[in-house]
Amino acid sequence: MSSGSDYAHLWRLFDDYLPPSTEPQEVSISKDGEKRLLLALSQLSREIQLLTANATSNLRQEDNHCLSDIISRLISLLTVQSQFVPHLAGNILVAISEFVASSGSGWDFFIRLLCVYAEMVVTNMSNVHFEPSPLHSELLGFLVVFKDRLKNVNWLTVAGIIQVLRNILKYFKQERGDELVNVYLDSVHSCLLNVPWSSMDVVFDDHYGNKKYNIEYGSEKEPRVLFLGNFIQFLCSFAEQVCSVETLGGSLDKHVILPKIINLIPKLLYWCLGNGGNCVNKRISQYLKHKLLGLMIRLSCQICLDSLVLLSWLTLLHDYFQEHLYEPVMQIGDKDDCLGDSPFLSSVSHGEEYSNSMSCCHLQRQAIFLFLRCSISLINLKGDTEMHCSCSTASSCLVSEAMPDLCCCTRKKGLLQIYTWLCGHLPIDMFIDHEMYTVKCIKFASFLLQLYVNEDDMLFGLLLQLLSFPSYEEKQIHKEQWEFKVVKEDAHFHVSNVFNPINLFHLFLAELHYDHQVLLDYLISKDNGISCAEYLLRCLRMVSDSWQLFVEFSVGRQVKNHSFSKRRKLLSHGSSFQTKLPSRSVKNSCLSVEQKLEGNSSYHCELNTTGEQAYWKARDCLLSLKTSMENLHQKNLFPYNPEVLLKRLRRFQELCFKQ
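These numbers were taken from a predicted model, which means no experiment stands behind them. (Residues numbered from 1 in each chain as written. Predicted model: local features only at pLDDT ≥ 70, side-chain atom pairs only at ≥ 80, totals over all residues. Heavy atoms only, no water.)

Chemist: Just to check I follow, could you spell out the overall build of the chain for this structure?
Modeler: Looking only at helices and strands, the chain features 26 helices and two strands. Out of the 659 residues in the chain, the part that is buried amounts to 54%. In the chain, 79% of the contacts between residues at least 6 apart in sequence involve partners at least 24 apart. Summed over all atoms, the accessible surface of the chain reaches about 29,700 Å², with 50% contributed by carbon and sulfur. (Helix = DSSP H or I, 4+ residues; strand = E, 2+ residues; numbered from the N terminus. Buried < 20%, exposed > 50% of the residue type's maximum accessible area, 1.4 Å probe, protein only. Contact = heavy atoms within 4.5 Å. Areas by Shrake-Rupley, 256 points an atom, 1.4 Å probe, with all protein chains shown as cover.)

Chemist: Where do I start with the environment of lysine 626 in this structure?
Modeler: With respect to the secondary-structure elements, lysine 626 resides in helix H25 (residues 611-634). As for lysine 626 and phenylalanine 652, which are separated by 26 residues in sequence, their C-alpha atoms are 9.8 Å apart. Setting aside its immediate chain neighbours within four residues, lysine 626 contacts Leu646, Leu649, Arg650 and Gln653.

Chemist: Help me understand the packing of helix H16 (residues 456-467) against helix H21 (residues 529-545) in this model?
Modeler: The axes of two packed helices give the description: the angle between them and the distance between them. The contact between H16 and H21 brings their axes to 10 Å, and the two run at 35 degrees. When you trace H16 past H21, the crossing you get is left-handed. Touching Phe460, Leu463, Leu464 and Leu467 of H16 are Ser531, Cys532, Glu534, Tyr535, Arg538, Cys539 and Met542, all from H21. Of the residues belonging to the contact of H16 with H21, the class tally is eight nonpolar, one polar and two charged. (Axes fitted to C-alpha atoms, helices over the stretch in contact; angles between N-to-C directions. Left-handed = near helix turned anticlockwise from the far one by under 90°. Nonpolar A, V, L, I, M, F, W, Y, C, P; charged D, E, K, R; others polar.)

Chemist: How should I be thinking about the pattern of salt bridges in this particular structure?
Modeler: Between side chains of opposite charge, a pair can form when the charged atoms approach closely. Under the defined criterion, the tally for this structure stands at 12 salt bridges. Note that aspartate 201 is salt-bridged to lysine 267, the shortest N-O span being 2.9 Å. Here aspartate 201, found in the loop between helix H8 (178-194) and helix H9 (222-247), pairs with lysine 267, found in helix H10 (residues 254-273); they are 66 residues apart in sequence, far enough to count as distant. Of the residues examined, lysine 267 reaches a relative accessible area of 21% and is grouped as partly exposed. Across the pair lysine 626 and glutamate 630 runs a salt bridge whose closest N-O atoms are separated by 3.2 Å. On the criterion of helical spacing, the pair formed by lysine 626 and glutamate 630 is a turn pair, its members being four residues apart in helix H25. With respect to class, lysine 626 is no different from glutamate 630; both count as buried. Residues joined in a network through salt bridges with shared partners are Lys626, Glu630, Glu643 and Arg650. (Salt bridge = Lys/Arg side-chain N within 4 Å of Asp/Glu carboxyl O.)

Chemist: When you look at unusual backbone geometry in this model, what are you seeing that I'm missing?
Modeler: Most peptide bonds adopt trans geometry, and most residues besides glycine take a negative phi value. A positive phi angle, close to 55 degrees, is found at histidine 513, a residue other than glycine. As for its placement among the helices and strands, histidine 513 is situated in the loop between helix H19 (501-511) and helix H20 (516-524). Phi at asparagine 636 is positive, roughly 55 degrees, even though this residue is not glycine. Position of asparagine 636 relative to the elements: it lies in the loop between H25 and helix H26 (643-658).

Chemist: It is not clear to me how the side chain of serine 525 should be interpreted in this structure. Could you clarify?
Modeler: Along the polypeptide, serine 525 turns up in the loop between H20 and H21. With a relative accessible area of 17%, serine 525 lands in the buried category. Reaching out from serine 525, the side chain makes a polar contact with the backbone nitrogen of aspartate 527 at a distance of 3.2 Å. A polar atom in the side chain of serine 525 sits 3.2 Å from the backbone nitrogen of asparagine 528. (Polar contact = N/O pair within 3.5 Å; in protein donor to acceptor, adjacent residues only side chain to side chain.)

Chemist: Would you explain the environment of tyrosine 615 in this entry?
Modeler: Within the secondary structure, tyrosine 615 is located in helix H25. Considered as a pair, tyrosine 615 and histidine 506 are 109 residues apart in the sequence and their alpha carbons are 8.4 Å apart. When neighbours within four sequence positions are excluded, tyrosine 615 is seen to be in contact with His506, Trp547, Phe550, Val551, Cys656 and Gln659.

Chemist: What's the story with H26 in this structure? I'm lost.
Modeler: Residue pairs three or four apart in sequence face the same way in an α-helix, which turns once every 3.6 residues. Taking 1.5 Å per residue, 16 residues should reach 22 Å; H26 reaches 23 Å between its end C-alpha atoms and fits that length. Those residues of H26 not exposed but buried are Leu645, Leu646, Leu649, Phe652, Leu655 and Cys656. (Expected span 1.5 Å × (residues − 1).)

Chemist: Any chance you could explain the packing of H20 against H21 here in plain terms?
Modeler: Relative to each other, H20 and H21 sit at 120 degrees, their axes nearing to 6 Å. Between H20 and H21, the interaxial angle falls into the category oblique. In this structure, H20 contributes Leu519, Tyr522 and Leu523 to the contact, and H21 contributes Gly529, Cys532, Ala533 and Leu536. Counted by class, the contact of H20 with H21 contains six nonpolar, one polar and no charged residues. (Parallel < 35°, antiparallel > 145°, perpendicular 65-115°, else oblique.)

Chemist: Where do I start with the packing of aromatic side chains in this structure?
Modeler: Think of a pair of aromatic rings as described by two things: how far the centres are apart, and how the planes are tilted against each other in angle. One pass over the full model with this rule turns up 23 aromatic pairs. On the numbers, 6.0 Å between centres and 35 degrees between planes, the contact of tryptophan 107 with phenylalanine 110 is tilted. Of the two residues, tryptophan 107 and phenylalanine 110 are both situated in helix H5 (residues 107-125); the distance of three residues between them amounts to about one turn of the helix. The pair formed by tryptophan 107 and phenylalanine 110 is uniform in burial state, with each residue classed as buried. Geometrically, the ring pair formed by tryptophan 421 and phenylalanine 444 is edge-to-face, given 5.8 Å between the ring centres and 70 degrees between the ring planes. Taken as a pair, tryptophan 421 in helix H14 (residues 410-425) and phenylalanine 444 in helix H15 (residues 434-452) lie far apart in primary sequence, 23 residues in all. For the pair formed by tryptophan 421 and phenylalanine 444, the shared burial category is buried. Among the aromatic side chains, those forming a connected cluster through ring pairs are Phe460, Phe505, Phe508, Tyr522, Tyr535, Trp547, Phe550, Tyr615, Trp616 and Phe652. (Phe/Tyr/Trp six-rings, centres within 6.5 Å; stacked < 30°, edge-to-face > 60°.)

Chemist: Any chance you could explain the nonpolar core here in plain terms?
Modeler: As a rule of thumb, soluble globular proteins bury nonpolar side chains together. Counting 202 residues, the largest nonpolar core has Trp313, Phe499 and Phe508 as its most contacted members. In terms of residues, this core owes the most to one element, H5, which gives 14 residues. Aside from chain neighbours lying at most four places away, what touches phenylalanine 499 is Leu372, Ile418, Trp421, Leu422, Leu448, Leu466 and Leu504. (Core = buried A, V, L, I, M, F, W, Y, C linked by side-chain atoms within 4.5 Å.)

As structure tokens, then:
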């Protein structure tokens, strides 16, 4: 074949199966027209796949016009009012991206042209004059063919293009090299910078009284919901890929790209939820909240946010997610909230009430996670204390400060946020003595862990960020020294007691029913192994430094018996390795799930744990973990070198023997 013949062949395929005369002139088509169009698109898709398998030629200059015409035809099909035509047209665009990548050239032109078309459609919908970004300015000559097709574009078109861009990214980050992904990320970044986001505010405002549109599923405003949902999903994938490429040594700088997405967060919240924080349709509102919180959490984990952004996000959390932040955490222990599927899908078997409960529980999990992350990040900021702060050192910002003085710097503002939130769940006035105060604090921490115990990634994210809360440097206040005014006036003292790391470590092990195999599953997990290892390393170090506190931990409490459902199969593929069975104290702490749940789906395993019982159960669990890890490591079956963790576990064993 001659140079460029593959692209000529591709254009001929479109002329054969989808000639210009068959293109719908209106967004609505008849049933017969839809059937013919779907048949043609299906045949075209198969032909493109066959062509891709043998693509070898380079893109010639004259082929650029062919590719531009093909892309514009397919984008025009995204406007058709059909459940299937836009979906199939989008899949063909993804298939063409695979063809272009396989041909060995033309990828730069293809992806930049697709991004320019996205810019054009958005600016057209926003009634703004289109000016391409500098990176894409040389493509103006190829846009003439597309302008005639702009008359029918709508937010479904924008949503479709964004979905195509996201699907291309999902495919290429798995199948292709970094060079193609870098070109993709550069083009999308340029597109994000060039889109007139400010002009889109009016699109999501009502022309009558400047009130928020009532976005309701099934109405003519639904396309904007699809756009927002697709756009937020795309931003999540895009942000993750930017950080992944930078980690692998790519040329992209996440500190340049991600701030643009961060700056969009207030607008996205307003577009999705309005000033009131809710849409008319509850399910749509919950879905958009879920996606927005997911995006904010991802961004906060990928880049260090400055104090202005952290304070802004805390304000946004109170404006849009207040009900989820202050939903009683202690009620979570009575809910079966393990997410087998999306909590936002309709459930015929459970009904709408169950589905709404699941959704609210998941939103609460996300909102609290992000709230604590932002607040603790504020507390731990270095070199960001405001000039008028009178604190001499960073540590003195938090020590024994009276409540009225907690707004003098960003660190204290972060502490005040957590203290105020805790008071909403644990009213200070209810604590009449030291014993009640201690029990209530530990029970609240226990219920908070239960909210996350079935979400592995968030669980360890929460535990690690709570570990980063600055410890209370004053001498521990014992029962005989305890005074109500200390709790009421010293915010740092109160927060430190609720999130005491030794107590949280005990509660974490108890939530796993002291089963060392669950810990081992976590450690060898591809997704959570590093986070779990980091948490155990830091906790074991604190246990060594505060041994007596670890030994004396005790509290009477109830724990829902659901953690065994998280057991993953250990060392499949027929390994002959056998772990040491848990000690009798562990096995007797609770009866099996099958025994307890038979005839009683709401059974709670009650652990009235004394200090001695908690210590021995934790001791048996961690020593069994050490033995299992050593056996695996000796057989080279552990997925990474666990020597540092084993060293800490051996130190723990030494302390146990001394005890």
